[in-house]
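Architecture and fold: a report
Spelled out from the first residue to the last, the chains are:
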Amino acid sequence: MPKQKFPEAEARLFSRVFICMKCGGRVKASPAKVKARKINCRKCKSKQLRAIHKDRKV
Ligand SMILES: [Zn+2]
C-alpha cells in the first residue's frame with residue numbers, strides 16, 4: 001500500500017513552519033510574516049528563516 005498523503009494535513013504541518021538557519025529551531029508563523037521579516041527565532045532571535053523541506057528525510 002502506497003504511503004498516503006494528506007494535502008490538508010501537510011499544509012497544516014509544514015507550510016507554516018520555518019526553520020532557523022542559525023540554530024535549526026522550528027518557528028511557526030505565517031509565510032507572509034516571514035517574508036516581511038517580522039518573525040524572529042524564539043531561541044536565538046535570528047531572522048534568518050527558511051521554509052521546511054518536507055520531502056527531505058532526515
Ligand atoms: Zn534560531
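One can find the structure itself at the top, above this paragraph.
First, a word on scope: everything that follows refers to the structure included in this document.

What counts and what doesn't
Residues numbered from 1 in each chain as written. Predicted model: local features only at pLDDT ≥ 70, side-chain atom pairs only at ≥ 80, totals over all residues. Helix = DSSP H or I, 4+ residues; strand = E, 2+ residues; numbered from the N terminus. Buried ≥ 20, exposed ≤ 12 C-beta atoms within 10 Å, placed from the backbone. Contact = placed C-beta atoms within 7 Å. Pairing = 2+ DSSP bridges.

Our next topic: the overall build of the chain. Of the regular secondary structure elements, the chain holds two helices and three strands. Along the chain, helices and strands appear, N-terminal first, in the series α-β-β-α-β. Counting every position in the chain, which comprises 58 residues, the buried fraction comes to 9%. Intrachain contacts of the chain at a sequence separation of at least 6 include 38% that bridge at least 24 residues.

Quick look at the pairing of strand β1 (residues 17-20) now. Only one face of β1 is covered, namely the one carrying Phe18 and Cys20; the face carrying Val17 and Ile19 has none of its residues buried. Of the pairings in the sheet, the one linking β1 to strand β2 (residues 26-28) comprises three bridges and is antiparallel in character. Bridged to phenylalanine 18 within β2 is valine 27. Hairpin remark: β1 followed by β2, antiparallel, with five residues in the connecting loop; positive phi at glycine 24, about 80°. Note that β1 and strand β3 (residues 49-51) share three bridges and pair antiparallel. Bridging across to β3, cysteine 20 finds its partner in leucine 49.

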